[in-house]
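# Structure at a glance
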Amino acid sequence: MQLLPLALGVPQRGSPRHLPYCSSAPLLLLLLGGCLGVSGAAAGSRRPNVVLLLADDQDEVLGGMTPLKKTKALIGGMGMTFSSAYVPSALCCPSRASILTGKYPHNHHVVNNTLEGNCSSKSWQKIQEPDTFPAILRSMCGYQTFFAGKYLNEYGAPDAGGLAHVPLGWSYWYALEKNSKYYNYTLSINGKAWKHGENYSVDYLTDVLANVSLDFLDYKSNSEPFFMMISTPAPHSPWTAAPQYQNTFQNVFAPRNKNFNIHGTNKHWLIRQAKTPMTNSSIQFLDNAFRKRWQTLLSVDDLVEKLVKRLEFSRELNDTYIFYTSDNGYHTGQFSLPIDKRQLYEFDIKVPLLVRGPGIKPNQTSKLLVANIDLGPTILDIAGYNLNKTQMDGMSFLPILKGASNLTWRSDVLVEYQGEGRNVTDPTCPSLSPGVSQCFPDCVCEDAYNNTYACVRTMSEMWNLQYCEFDDQEVFVEVYNLTADPHQINNIAKSIDPELLGKMNYRLMMLQSCSGPTCRTPGIFDPGYRFDPRLMFNNHGSVRTRRFSKHL
């Protein structure tokens, strides 16, 4: 496969490493004030490069980083690991949309993995893609931008432009058609379809992404900074490991932690319906899935090592920020749910986040609360872009990376999810009614129409809480004190202080209605928090109600 930028011919090895398409952009844009006041670089120097590595369905809570020894050493060991990194929705497409836009799902309106749920729909393309952070990096900051891998789950759908659609903001585009695969897939190479088969040496997707990424580093212009986003299929199903790794981790099993294979007492009905104890076949299935997930990650570890070595060889490593994270977590047997994501618990909403780069001291760990809506603002801050010009809900954590003292930081984030169900009974589970979905294995359902919820995840010096409400007939509430109950076994909604419960209810209501700066107001445990009764009313004088997105 040959690497070529959009609208240009194929560069030949030995030709000038130069992109005529955007070669004059940085000077012009700086003169126009696009990225003045560079935060991530010394005055007068070129802005730093940025690499964002995104895994698919990689958990943090259940040891998802364990196989990635080289990644932990090369990124976390040389920089900062965030121990409290969250996603605003535990599902691929809404979470990826949050990364790209810096917005909560109620503001980018991607609610699930379907076109009807705004996943890579024409509406998404028209309204949200022009304002993603890569589009700003390219148009306002003069960055060369490179994408390789899984974009959004419905990317390439014929009803939304097919593979010919290349989102605004990308100089080089190598995007997977639809959802994660390892073999027998199609890539959009700058809008042209390129089919792959099942020959490991030329088709294994993780390795293909590594190779085209290294090619980009060979062919890119040296006169402009670059941004790379590499989105691997691992460890998403179908969990196809590279041949050399298929026999690894044979003695590894899914963690038998305190919430493994127990009944979800006092939880939403969807959790309570799980069969406890799980059948032996379900346990064997999830153990095998857990093992295969780790196997696929070994190729990601190789990719990271190759990338870092190439940057070091080209003497660009010291001028490059490298981020490693995932779009959502995962569970394998917790509360007797065999395998999936989508749920409100730590194992599904907490993700790895490791960062290295200029000015970041090695071997650091930050406990501060961050979310993937912060990635876009942070990367734009590195590029020197004025964040006040964006409509992003997140905030830059560049000051945390740089070790700022006396930093005022947030104490809560919003988590929201729109449940999905089938209109008809699943033929493989005839005993189940319509309205549920993801009922596998053993007809244990992982989702339903009324598995629609919103949560406030709060972390402060005194409190470590999660407050959640469901949009169902019960208006079911779940509350957890994660200091006393890190596995979220005991729902304390009926025993917690009613005044505190009321404050968290109000805070959730406000976050569900927030946009831009109002998403960054002080939480209920922050010194600057003030309760303003006027905020309980909308512009028409009526009381605000909870805001659950339904359809576009």
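For the structure itself, look to the data block above.
Remember, predicted model here, so these are calculated numbers, not experimental data. (Residues numbered from 1 in each chain as written. Predicted model: local features only at pLDDT ≥ 70, side-chain atom pairs only at ≥ 80, totals over all residues. Heavy atoms only, no water.)

### Observations regarding the nonpolar core
Proteins that are soluble and globular tend to have nonpolar side chains buried together. F82, F133, F227, F323 and F397 are the most contacted members of the largest nonpolar core, which has 94 residues in total. Looking at this core, the element that brings in the most residues is helix α14 (residues 498-512), giving six residues. Residue-level mapping places this core at the junction of two domains, with at least three residues from each of domain 1 (49-404) and domain 2 (436-535). Beyond its immediate stretch of four places on either side in the chain, F323 contacts V50, V51, L52, L53, L354, V355, L375, T378, I379, I382 and F397. (Core = buried A, V, L, I, M, F, W, Y, C linked by side-chain atoms within 4.5 Å. Buried < 20%, exposed > 50% of the residue type's maximum accessible area, 1.4 Å probe, protein only. Helix = DSSP H or I, 4+ residues; strand = E, 2+ residues; numbered from the N terminus. Domains from an automatic or database assignment. Contact = heavy atoms within 4.5 Å.)

### As for the sheet that holds strand β20 (residues 477-481)
If you trace the four strands from one edge of the open sheet to the other, you get β15-β18-β19-β20, paired in antiparallel fashion. Both outer strands of the open sheet, β15 (412-417) and β20, are each paired with one neighbouring strand and no more. Adjacent strand axes in the sheet meet at a mean angle of 15° when their direction is disregarded. One ladder, built from six bridges, connects β15 with strand β18 (residues 453-459); its direction is antiparallel. (Pairing = 2+ DSSP bridges. Axes fitted to C-alpha atoms, helices over the stretch in contact; angles between N-to-C directions.)

### Details of the pattern of salt bridges
Taken as a whole, this structure holds 18 salt bridges when the rule is applied. When the shortest N-O distance is used, the salt bridge between K70 and E305 registers 3.1 Å. On the criterion of sequence distance, the pair formed by K70 in helix α2 (residues 69-76) and E305 in helix α10 (residues 280-313) is long-range, its members being 235 residues apart. The class of E305 is partly exposed, set by a relative accessible area of 23%. Two residues, E499 and K503, come together in a salt bridge whose shortest N-O distance is 4.0 Å. Taken together, the residues span about one helical turn, with E499 and K503 both in helix α14 at a distance of four residues. Each of the salt bridges in this network shares a partner with another, and the network as a whole consists of D56, R96, K150 and D327. (Salt bridge = Lys/Arg side-chain N within 4 Å of Asp/Glu carboxyl O.)

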